[in-house]
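Structure at a glance
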Amino acid sequence: MARRTKEEALATRNRLLDAAELLFQAQGVSQTTLQQIAQQAGATRGAIYWHFKDKADLFNAMMERVILPLEAPPKAAALSHDDPLAEIEEGMVHALTLMTTDPQVRRVFDVATHKVEYTHDMASVQQRHLDARNACVVDFEKALRLAARRARIKLPVPGSVAAQGLHALISGLIQNWLLDPAAFDLVPTGRRTFRVYLAGLGFARQTGANGAAVHEAETAAA
């Protein structure tokens, strides 16, 4: 009996999160009430407060059900991979592919970037967004610095600036694609612009026979 009760509670929690996803995307976070979420899920308002402290807590729980693009930075790339830039590109392409093939990932990212207002009661949501961005930028910087040392080049801008630019490039592509998915093909566009960005930083890369990017070491000018 206890096991069934636990399973039923989990099922209710998931229905509430499913309902929140749909309503947040359809009408925005600030315009969606907890009562509407409860009704959409076929539950009571009390059930929401049983599982979640407030709307921000529910929102963060919704976010935690998926791994969003740029929230799983390539930590190994900065430390051990033979080609840190290839590791970043591989992770980026995987993330962009998820955006185009996984409706839940696309829906949650759309809510997180286009349908939420960072009001006072959503401060924890804003902090979650900032923490994820900062962690990703730090890992990008480590990978870019390591790649520059291995290629024997000097980055034309500080590593922190290059990492911020790379993050802005990828997140900007995703956000613009979400506004109009028919405007461009996200994955190949992402791959091409990523390589152009690297070229601007001084990295020489070419496409191998299998279609993967191959890093060419470049010696620094004397």
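Note that the structure is a prediction, hence the values are computed from the model and not measured.

1. Concerning the confidence of the model for the chain
- Per-residue confidence for the chain averages 85 on the pLDDT scale, and 84% of its residues sit at or above 70.
- Here residues 75-79 is modelled with pLDDT under 50, and outside its nearest four sequence neighbours on either side it reaches eleven contacts, counting other chains as well.
- Scored below 50 in pLDDT, residues 208-222 shows 31 contacts in the model against residues more than four places distant or in partner chains.

2. Digging into helix 7 (residues 123-151)
- With 29 residues, helix 7 extends 42 Å from end C-alpha to end C-alpha; this agrees with the ideal 42 Å at 1.5 Å per step.
- Directly beyond the C-terminal end of helix 7, a positive phi value near 60 degrees is found at arginine 152.

3. Remarks on the side chain of threonine 32
- Within the element layout of this structure, threonine 32 appears in the loop between helix 1 (2-27) and helix 2 (34-41).
- A distance of 3.4 Å separates a polar side-chain atom of threonine 32 from the backbone oxygen of leucine 23.

4. Describing the pattern of salt bridges
- Within the structure shown, the criterion is met by seven salt bridges.
- Linking glutamate 89 and arginine 191 is a salt bridge whose minimum nitrogen-to-oxygen distance equals 3.0 Å. Taken together, the positions of glutamate 89 in helix 5 (residues 84-101) and arginine 191 in helix 9 (residues 186-201) put the pair 102 residues apart, joining distant regions of the chain.
- Between arginine 195 and glutamate 89 there is a salt bridge, with its nearest N and O atoms 2.8 Å apart. Of the two residues, arginine 195 sits in helix 9 while glutamate 89 sits in helix 5, which places them 106 residues apart along the sequence.
- Taken together, the salt bridges that share partners define one network made up of Asp18, Glu21, Arg65 and Arg107.

5. A few points about the packing of aromatic side chains
- Within the structure shown, the criterion is met by one aromatic pair.
- A centroid spacing of 5.9 Å and a plane angle of 40 degrees characterise the contact between phenylalanine 24 and phenylalanine 59, whose relative ring orientation is tilted. In this pair, phenylalanine 24 sits in helix 1 while phenylalanine 59 sits in helix 4 (residues 55-64), placing the two residues 35 residues apart along the sequence.
- For phenylalanine 24, a relative accessible area of 0% gives the class buried.
- A residue is classified by how much of its surface remains accessible, and phenylalanine 59, at 1% relative accessible area, is buried.

6. Some remarks on the nonpolar core
- In terms of nonpolar packing, the biggest core is built from 61 residues, with Phe24, Ile37, Leu58, Phe59 and Phe203 touching the most fellow members.
- In terms of residue count, helix 7 provides more of this core than any other element does, nine residues in total.
- Setting aside anything within four residues of it in sequence, one finds phenylalanine 24 in contact with Val29, Thr32, Ile37, Lys55, Leu58, Phe59, Met62, Val111 and Lys115.

7. Some thoughts on the environment of alanine 112
- On the secondary structure map, alanine 112 appears in helix 6 (residues 103-114).
- For alanine 112, a relative accessible area of 11% corresponds to the buried category.
- Spatially, the C-alpha atoms of alanine 112 and methionine 63 are 8.1 Å apart, while their sequence positions differ by 49 residues.

8. Side note on helix 9
- Here helix 9 contains 16 residues, and its C-alpha end-to-end distance of 22 Å stays within 8% of the 22 Å for a straight helix at 1.5 Å per residue.
- For helix 9, every residue scored as buried is listed here: Leu186, Val187, Gly190, Phe194, Leu198 and Leu201. Taken down its axis, helix 9 places every buried residue within 95 degrees of arc, on the same side. Projecting away from the buried face of helix 9 at angles above 90 degrees are the exposed residues Arg192, Val196 and Gly200.
- Where helix 9 ends, the next residue or the one after it, glycine 202, has phi of about 105 degrees, a positive value.

Quick notes on the rules
- Residues numbered from 1 in each chain as written.
- Predicted model: local features only at pLDDT ≥ 70, side-chain atom pairs only at ≥ 80, totals over all residues.
- Heavy atoms only, no water.
- pLDDT = per-residue confidence, 0-100.
- Contact = heavy atoms within 4.5 Å.
- Helix = DSSP H or I, 4+ residues; strand = E, 2+ residues; numbered from the N terminus.
- Expected span 1.5 Å × (residues − 1).
- Polar contact = N/O pair within 3.5 Å; in protein donor to acceptor, adjacent residues only side chain to side chain.
- Salt bridge = Lys/Arg side-chain N within 4 Å of Asp/Glu carboxyl O.
- Phe/Tyr/Trp six-rings, centres within 6.5 Å; stacked < 30°, edge-to-face > 60°.
- Buried < 20%, exposed > 50% of the residue type's maximum accessible area, 1.4 Å probe, protein only.
- Core = buried A, V, L, I, M, F, W, Y, C linked by side-chain atoms within 4.5 Å.
- Arc of directions from axis to C-beta.

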